[in-house]
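Coordinate inspection notes
One-letter residues, chain by chain:
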Amino acid sequence: MIWSKEETLGREQYEKIQFERLKKTINSVYEKVPFYRQRFKAMGLLPEDIQCLNDISKLPFTVKDDLRENYPFGLFAVPNKDVVRFHASSGTTGKPTVVGYTKNDMEVWSQLIARIVTMAGVTNEDIAQVAFGYGLFTGAFGLHQGLEKIGASVIPISSGNTKKQIMIMKDFGTTTLICTPSYALHMAEIAKEEGIDPKKDLKVKWGLFGGEGSTEGMRRQINQAWGLFATENYGMSELIGPGVSGECKSLKGMHISEDHFIPEIINPETGEVLPPGEVGELVITPITKEALPLIRYRTKDITRLMYEKCDCGRTTVRMSKIEGRTDDMLIIGGVNVFPSQIEEVLLNIEEIGPHYQIKVFKKGFLDKIEIDVELIDANLLDSFALLESLNNKIKSDLRTILGVDAKIHLVEPRSLARYEGKAKRVLDMRDEK
Ligand code: DLL
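As the structure is a computational prediction, the values presented were derived from the model and not from experiment. (Residues numbered from 1 in each chain as written. Predicted model: local features only at pLDDT ≥ 70, side-chain atom pairs only at ≥ 80, totals over all residues. Heavy atoms only, no water.)

Time to look at the overall build of the chain. Counting its secondary structure elements, the chain contains 11 helices and 21 strands. Its C-alpha atoms give the chain a radius of gyration of 22 Å, near enough to 22 Å, the size a compact globule of 433 residues would have. Seen through its principal axes, the chain has C-alpha atoms that stretch 70 × 55 × 40 Å. Looking at the chain as a whole, 54% of its 433 residues qualify as buried. Within the chain, contacts between residues at least 6 apart in sequence are counted, and of these 65% link residues at least 24 apart. Within the structure as shown, the chain displays about 19400 Å² of accessible surface, and the carbon and sulfur contribution to it stands at 51%. Of note, the chain has its 56 positive side-chain charges centred 3 Å away from the centre of its 61 negative side-chain charges. (Helix = DSSP H or I, 4+ residues; strand = E, 2+ residues; numbered from the N terminus. Rg over C-alpha atoms; globule rule 2.2 N^0.38 Å. Buried < 20%, exposed > 50% of the residue type's maximum accessible area, 1.4 Å probe, protein only. Contact = heavy atoms within 4.5 Å. Areas by Shrake-Rupley, 256 points an atom, 1.4 Å probe, with all protein chains shown as cover. Lys, Arg positive; Asp, Glu negative; His and termini not counted. Charge placed at Lys NZ, Arg CZ, Asp CG, Glu CD.)

Set out below in structure tokens:
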């Protein structure tokens, strides 16, 4: 089922809508947000200089630091009396990035989520357990309101308290699980510990995962553990939260709601716009947001756009899985590698579970990595020969596939950290003395 007719428009219609809404957004920021007026003036740019959609490339980029420097509400285009909700994304250091929504923004947001949950298979017959953290994080509230919009029964359990999650899931007959992919894996483990086989004893058939990257290997592991159909969705607090894009059941990339967002792919080093299909940094201009309109927001997420037709009938452009972020790329011995590429190699090796930890060190001027990799079966630890050969296989796969030399530590099942929200797979110890 397709939630809204705006998901199936022709390319020209999208471009027409995008241009109209872009103009409106530019006028609004120029009039109401001093930060943007100054930026435009410094570039000698007036709103009327934007005369077609391609002119978007004349506009300045916005980056996270712009929001931080204007903390908390400096980039808002409406007074607080028109704001009905705040959220914030937790920065690792310093102040969070604050975002706000008007009543209309809230309605748009739930419509966008209604689209992505519908494309993932969820209907009003479903019981949806939202196991993202409720609070300033946009994940839980975002999904919650869109699920209600389509008439699904929502269990707002939040993240954590995993044994209780499993009990509720069993007793309420949950059919839809919503959380980060890493938490889904952790939950399956706890279920098994509690003597519950998620495949046989639970009714979960849809898994809607997002908020962090995950490879196809990770999807396989989740599907195997749960016997569910997993789709992925993408979003970012600054852009609205979840709801920017989501996978349909064809699993051929995430459909971007183009009547609300204009996506571009740029070369992260030069800022130049890349042709369709090329891999680069995703830049998004939300074109219907009232409280916090942003122009050409640099997401730092690496992906590519796919304009070919999708089997599901939706005509919106799709983005491929996020390959990594411009700020999480590792350079090991001169080779650029994303943690997701390491994950893909590891999860193709049978004896290894989906839990690993990458540690990055500085040795002299060089970056070195060591990877703790969890075994699926503790019995392997009894055979030195088997361990040795597995260790060699992992090293050789990483070297031949990615060109990376890594030190591998094979560790017992259940010995690495588990996550209830976004996983932290890379420990960067380069700054430590
Ligand atoms: O994570 C919004 C969200 C919540 C999306 C729940 C989907 C589901 P932030 O906390 O602002 O917002 O983090 C945004 O998370 O720039 C990506 O790097 C990463 N991210 C989000 N979804 C995906 C995904 C929410 N499907 C940042 N794949 C983004 C890879 C993702 N990375």
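Now for the nonpolar core. Counting residues in each nonpolar core, the largest one holds 70 residues, and the members touching the most others are L22, L59 and L147. Those residues in contact with L22, other than ones at most four positions away along the chain, are I50, L53, I56, L59, I262, T285 and I287. Judged by nonpolar contacts, the second largest core, of 26 residues, contains I342, Y356, I371 and L398. (Core = buried A, V, L, I, M, F, W, Y, C linked by side-chain atoms within 4.5 Å.)

So, about the sheet that holds strand β18 (residues 352-363). On the basis of which strands lie adjacent, the open sheet formed by four strands has the order β20-β19-β18-β21 and mixed pairing. Of all the strands in the sheet, just β20 (406-411) and β21 (426-428) have a single pairing partner and so form its edges. Strand-to-strand twist in this sheet, taken as the mean axis angle between neighbours without regard to direction, amounts to 20 degrees. Here nine bridges tie β18 to strand β19 (residues 366-375), and the two strands are oriented antiparallel to one another. Counterpart to V360 in the pairing with β19 is I369. Packed onto the sheet, helix α11 (residues 384-402) meets β18, β19 and β20 and runs at close to 140 degrees relative to β20. (Pairing = 2+ DSSP bridges. Axes fitted to C-alpha atoms, helices over the stretch in contact; angles between N-to-C directions.)

Chain-level pLDDT for the chain is 96 on average; 99% of the residues reach the 70-or-more range. Within the chain, the lowest mean pLDDT, 89, falls on strand β16 (residues 330-332), and the highest, 99, falls on strand β4 (residues 153-155). (pLDDT = per-residue confidence, 0-100.)

Most of strand β10 (residues 261-266) sits inside the fold, with six of its six residues counted as buried. Every second residue of β10 is oriented toward a common face, with F261, P263 and I265 on one face and I262, E264 and I266 on the other, all of them buried. Two elements, β10 and strand β11 (residues 280-286), share six bridges in a ladder whose sense is antiparallel. Note that in β11 the partner of E264 across the bridge is V283.

Residues lying three or four places apart along an α-helix face the same way, a consequence of the helix completing one turn every 3.6 residues. Within helix α10 (residues 339-347) the residues assigned to the buried category are P339, I342, E343, V345, L346 and L347. On its buried side, α10 packs onto α9 (216-226), β17 (335-337), β18, β19, α11 and β21.

This part covers the packing of helix α6 (residues 162-172) against helix α7 (residues 181-193). One way to put it is that α6 packs onto α7 with a least axis distance of 9 Å and a crossing angle of 80 degrees. One finds that α6 runs roughly perpendicular with respect to α7. Along the contact surface, α6 presents T162, K163, Q165, I166 and M169, while α7 presents Y183, H186, M187, I190 and A191. The residue inventory of the contact of α6 with α7, partitioned by class, reads six nonpolar, three polar and one charged. (Parallel < 35°, antiparallel > 145°, perpendicular 65-115°, else oblique. Nonpolar A, V, L, I, M, F, W, Y, C, P; charged D, E, K, R; others polar.)

So, about the pattern of salt bridges. Going through the model one piece at a time under the given rule, you end up with 33 salt bridges. Close ionic contact of R325 with D301 constitutes a salt bridge, the shortest N to O distance being 3.1 Å. Placement of the pair is R325 in strand β15 (residues 324-325) and D301 in strand β12 (residues 297-303), with a sequence separation of 24 residues. A cluster of three or more residues bridged by salt bridges with shared partners is formed by E189, E193, E374, R414 and R418. (Salt bridge = Lys/Arg side-chain N within 4 Å of Asp/Glu carboxyl O.)

Right, let's get into unusual backbone geometry. The amide bond that connects Y71 to the next residue, P72, takes the cis arrangement and shows omega of -5 degrees. Tracing the sequence through the fold places P72 in the loop between α3 (64-69) and β1 (85-89). A positive phi is found at K300, a non-glycine position, where the angle reads about 70 degrees. In this fold, K300 is placed in strand β12. The phi dihedral of R414 is positive, around 70 degrees, even though this residue is not glycine.

Let us now look at the environment of I168. One can find I168 in helix α6. Taking the C-alpha atoms as reference points, I168 and I157, 11 residues apart in sequence, are found 8.9 Å from one another.

Before going further, it helps to examine the site of the ligand. Taken together, 21 residues are adjacent to the ligand, and E232, N233, S237, D301 and K422 come closest. E212 is positioned with one of its backbone polar atoms (N or O) 3.3 Å from a nitrogen atom of the ligand. Here an oxygen atom of the ligand sits 2.8 Å away from a polar atom, N or O, in the side chain of K422. Burial of the ligand by the protein chains amounts to 93% of its free accessible area of 610 Å². For the shell around the ligand, the leading source of residues is strand β7 (residues 229-236), giving five residues. (Near = heavy atom within 4 Å. Polar contact = N/O pair within 3.5 Å; in protein donor to acceptor, adjacent residues only side chain to side chain.)

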